[in-house]
Structure formats: C-alpha cells, structure tokens
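# Geometric and topological summary
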Amino acid sequence: MFFQKEIETTSRQELEQLQFTRLKHIVSYCFNNVEYYNKKLSNSGVNPDKIKTLSDIEYIPFTTKEDIRDTYPYGLFAQPMKNIVRIHASSGTTGKPTVVGYTKNDIDMWSDVVARLCVAAGATEDDIFQISFGYGLFTGALGLHYGLEKIGATVIPTSSGNTEKQVMILKDFGTTGLVSTPSYALYMSEVAREQGVLDDIKLRLGVFGSEGCTVEMRDQIEKGFSLFATDNYGMSELIGPGVSGECEYRCGMHIAEDHFFPEIIDSKTGKTLDAGKDGELVITTLTKEGIPLLRYRTKDISKLNYDVCQCGRTHVRMDKIKGRSDDMLKIRGVNVFPSQIESVLVGTQNIGAHYQLIVRREGFMDTLEVKVELINGDLLERYGELEALQNQIKHNLHTVLGIDAKVSLVEPKSLQRFQGKAQRIVDLRNQK
Ligand code: DLL
C-alpha cells in the first residue's frame, strides 16, 4: 500500500530531475534568505549558478550540528518568525538545545512523509494508534501524530511513561498500532505479560524508531505482542521522524528522496563514497522552508541501496544505523552525551576526573551506570557521607539528562587509564 504512489514509485530518472530542480532552488533559497549560508557558501566560492548537475552538490560545504548551535536559537531560520508555526528542539552537548522551526508547508510535508512510512508499514484508517513517545520538544510524538491523523487512523496521545497505564489503555482502548522506541515496546510487553493481559491486547503493528533496533530485538517485540514492526529513522534537524522507514519487506529504510537528498561520506576525509559502502549519512533537505540544511552531517553510519524494492518503491533504501561517528548515547530514547555527564561530575567535591559510563540492557530497558573515582578512598568507609554524595550526583545527573543513572563511587586509581583518547563508554547492549 502507498500513501503517495506516484512519487513513491517514480522512475529514478524523473526523481533525479526533480531532485536537481529542487537542489538548485534550495541552494539559492539558503543563499538569499540565511545570512549564515550566504557567508558560508561565498567563502567556499559557491553560488547557486555553480550547481549545474546533481553531483555538483559536492561543491557545497557541509553543515554540522555546531553550525546550528553557533547560530542558536534562530540564526539558521530562513523565514521570519511570523511564518514559523512550530518549534522543536533536541538536547545537545552544551546544554543548549538544537532548535528547529517549521512553516505551515513544512508541517504539511512532514505529515506526508510520516504518513508514507505508516502506510508502508501497513497502517490504515481502521487502526487505533497509541503514541508512547514523549510529547514536547522531541519530534517523535507530534511527528507521528500528524502523519497518522493524515491517513485517518485514530490517535491516542498517551505520551511516554506510566507503563501500567499504557498497558491498560492498550487493552481497554483496543489499540492496534503502537508508536514508541523499540526498547520501550519491549518493556511494555514485559509488563503486559506480568499482568497476564497479553492475550487481551489487539496490537498488530509497531511503528518504531528513534534508536537502533536489531532484528533479534524486533523478533522479541513481535513475539511478545504478536505484531509486525518496522524500523524508522529521522532526526530533529532534518524534520524528525519521516526521513526514512521500512516497508513490508523490511530490507532497508526508504528515504523520502523527493524531500531529502542522501549522500554517504567517509567521515574522516569528507569524500563521497560509492553507494553500498558504509559511511556517514549526509542529507540535504530539498524542500524545507523553516530551517533548510545543505549537506547536513548526521554522524550516523549507514549505506545506501538504489535497487528498486520488491514493494515497487524506487526511493533509495538506507541500512539500519550501525552506530554514530561521534559518541552520543541514546538511552531509553534520550540523547546522552558523555560531556554532559562530565560536566556534572567534574567540579563535584571529593570526586576525581576519571569516570566510566556503562550502558546495559537489563530486561528490555537500557540502563546507565556512572562509575567515578573518589579523590579520597577513606570516604568508602564513611557510609553516610558516601550515600549523600551518591544521591547528590544522581540528582544532578537526572536534572541534566532527564533519566536515572546508577552512580558507583570507586577507589582512587581503580579505573583504566588511556595513553591516547580515553574510552569512557562501555556499551554492553549488543552483547549476548
Ligand atoms: O529520534 C527522530 C525520530 C523520532 C525518528 C521517532 C524516528 C522515530 P532525534 O531525537 O534528533 O530525532 O535523534 C536523532 O537518533 O541521529 C540517530 O542517531 C538516532 N536514531 C533515530 N532513528 C533511528 C533508528 C529522532 N531508526 C538520532 N535507528 C539520530 C537507529 C536512530 N538510530
């Protein structure tokens, strides 16, 4: 099933013609409407006339998260605020969020691309979808909300958290589709099993995303809830969910190529790689008005497959995300940067500068343990003080990250030292 069959199945030749026209337009749009881009493009000797073929995109300098941060909050917006109808944001390393703005047309395009992936997953107007992503600045919930409404499905905006109530609603409201992170879906199925209500739940579809989901984990969710699940990729800077999603064949996520032009680059050299090679995904937004981005470096590692899919879609498929070229952690759907944790630890009295972050999957939930060395080992004998210090750090971490972490205070000099770059993250989630 298709939401916009004509464009989703258009020939590669027609698609590339459309992409070229749109690329030329978006480059001059950025050049004329965003001072930052005007300077950046001029400094690299690029003006809109330089784009004569689609591959001339390689002349354009990359845009990075730092560019968005440097122009915080609205410096990359290409429209005056009176034309911006929505703001979203995602957390960043500095504590300042990455801010994005949408015009009415952007919201419309966003709903279309999300509707496409929902229909590709098998959603119809007869479905009742529970959205268990957190509503708010995060793009996941409202993005799926508008897309699902567009196809005429019923939306239950439960937001995330309060898992027992989520399970009650799944059962009592006859929910047939679930939108959440895969790890939260797994957790919900565990709670439903514990409550003995799995058989009363009518779920048939899971539209998941925002964090990685291995096929093994997907199998577990599917078994738990007896549903069919798809993986969906996006990021707030680019639009939110809707950049790409799996169809019923689940052999890669179709990128909405009429709106997002993908490239794969070597993250070290910045050189464009051949399709089929693993590298960093770079996306140019071809139609976005509020905050258009040219060659945005996602830091996510994937590869592209241009073969026409069995489903009939011609739009390129990207592989599941292999990881990130930087070290942002995604824990229970929340972006966590080691530097945020460091900012809490360093400067706390009695706490040294050596720490380790251990991420595990316990049951079906991601957990974070922050191991940090004490400056004075004697404190380990003074339980009252030790506990107070632990609680203080726990509280401060929660304030900064928005999630709970286990804090382990350890002997001075007990953690590993490194001669080169420190490897502070121990991610045990994908270990069997
Ligand atoms: O997570 C947008 C989204 C919401 C996508 C709901 C899908 C569903 P951010 O919070 O800005 O946006 O986080 C973006 O999350 O750069 C990836 O590292 C990671 N990510 C998103 N989707 C996937 C996925 C939303 N399907 C960052 N698989 C991205 C693996 C994903 N990682």
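One can find the structure itself at the top, above this paragraph.
Residues numbered from 1 in each chain as written. Predicted model: local features only at pLDDT ≥ 70, side-chain atom pairs only at ≥ 80, totals over all residues. Heavy atoms only, no water.

Right, let's talk about the pairing of strand β5 (residues 177-180) for a bit. Of the two faces of β5, the one holding Gly177 and Val179 and the one holding Leu178 and Ser180 are both buried throughout. With four bridges joining them, β5 and strand β6 (residues 205-209) adopt parallel strand pairing. Of the residues in β6, the one forming a bridge with Ser180 is Phe208. Note that the unit made of β5, helix α8 (residues 182-194) and β6 has a crossover that is right-handed. (Buried < 20%, exposed > 50% of the residue type's maximum accessible area, 1.4 Å probe, protein only. Helix = DSSP H or I, 4+ residues; strand = E, 2+ residues; numbered from the N terminus. Pairing = 2+ DSSP bridges. Right-handed = clockwise from strand over helix to strand, strands pointing away.)

Another point: the sheet that holds strand β4 (residues 154-156). Strand order across the open sheet formed by nine strands is β4-β3-β5-β6-β7-β8-β9-β14-β13, with mixed pairing between neighbours. Each edge of the open sheet is held by one strand with a lone partner, namely β4 and β13 (304-305). Two strands pair when backbone bridges link them, and strand β3 (residues 128-131) and β5 are joined in this way by three bridges, in the parallel orientation. Pairing of Phe129 across the sheet is with Gly177, part of β5.

Another aspect to go through is the site of the ligand. Around the ligand, a shell composed of 22 residues is seen, among which Ser210, Asp231, Asn232, Ser236 and Asp300 lie nearest. The separation between an oxygen atom of the ligand and a polar side-chain atom of Ser210 is 2.7 Å. A distance of 2.5 Å separates an oxygen atom of the ligand from a polar side-chain atom of Asp300. Here the ligand has 610 Å² of accessible area as a free molecule, and 96% of this is covered by the chains. Looking at the shell around the ligand, the elements with two or more residues in it are α6 (139-150), β7 (228-235) and β8 (240-246). The element that contributes the greatest number of residues to the shell around the ligand is β7, accounting for five residues. (Near = heavy atom within 4 Å. Polar contact = N/O pair within 3.5 Å; in protein donor to acceptor, adjacent residues only side chain to side chain. Areas by Shrake-Rupley, 256 points an atom, 1.4 Å probe, with all protein chains shown as cover.)

All told, the structure shown has two cavities of 30 Å³ or more when counted by the stated rule. A volume near 130 Å³ is recorded for the largest cavity. What lines the largest cavity is a set of 15 residues, among which Glu8, Arg116, Leu117, His254 and Ala256 lie closest to the centre. Among the secondary structure elements, those contributing two or more residues to the lining of the largest cavity are α5 (104-121), β8 and β9 (253-255). The element best represented in the lining of the largest cavity is β8, accounting for five residues. By residue class, the composition of the lining of the largest cavity is six nonpolar, five polar and four charged. Every residue along the wall of the second largest cavity is listed here: Phe208, Cys213, Arg218, Ala229, Thr230, Asp231, Glu246 and Lys320. Residue contributions to the lining of the second largest cavity peak at three residues, all from β7. (1 Å grid on protein atoms, 1.4 Å probe; cavity = no way out; pocket = protein on both sides within 12 Å on 5 of 7 lines; lining within 4 Å. Points joined across faces, edges and corners; volume = space filled by probe spheres on them. Nonpolar A, V, L, I, M, F, W, Y, C, P; charged D, E, K, R; others polar.)

Turning next to the sheet that holds strand β20 (residues 406-410). If you walk across this open sheet you meet the four strands as β20-β19-β18-β21, and the pairing is mixed. Single-partner strands in this sheet number two, and they are β20 and β21 (425-427). Taking each pair of neighbouring strands and ignoring which way they run, the sheet shows an average axis angle of 20 degrees. Across three bridges, the pairing between strand β18 (residues 351-362) and β21 is parallel. Looking at the pairing, Leu357 lines up with Ile425 of β21. Helix α10 (residues 338-345) contacts β18, β19 (365-374) and β21 of the sheet and is inclined by roughly 135 degrees relative to β18. (Axes fitted to C-alpha atoms, helices over the stretch in contact; angles between N-to-C directions. Contact = heavy atoms within 4.5 Å.)

Remark: helix α7 (residues 163-172) packs on α8, axes separated minimally by 9 Å, with the N-to-C direction vectors making an angle of 75 degrees. Of the possible angle classes, the one that applies to α7 and α8 is roughly perpendicular. Contacts between α7 and α8 involve Thr163, Glu164, Gln166, Val167 and Leu170 on the former and, on the latter, Tyr184, Tyr187, Met188, Val191 and Ala192. Class assignment of the residues belonging to the contact of α7 with α8 gives a composition of seven nonpolar, two polar and one charged. (Parallel < 35°, antiparallel > 145°, perpendicular 65-115°, else oblique.)

Moving on, we come to α5. For an α-helix, the turn length of 3.6 residues means that residues three or four places apart are oriented alike. The end-to-end C-alpha distance of α5 is 26 Å, a good match for the 26 Å that 18 residues give at a rise of 1.5 Å each. The buried count for α5 comes to 15 of 18 residues, which makes it a mostly enclosed element. Remark: Gly122 follows α5 within two positions and exhibits a positive phi of approximately 115 degrees. (Expected span 1.5 Å × (residues − 1).)

These results come straight from atomic positions and should not be treated as a statement about function.
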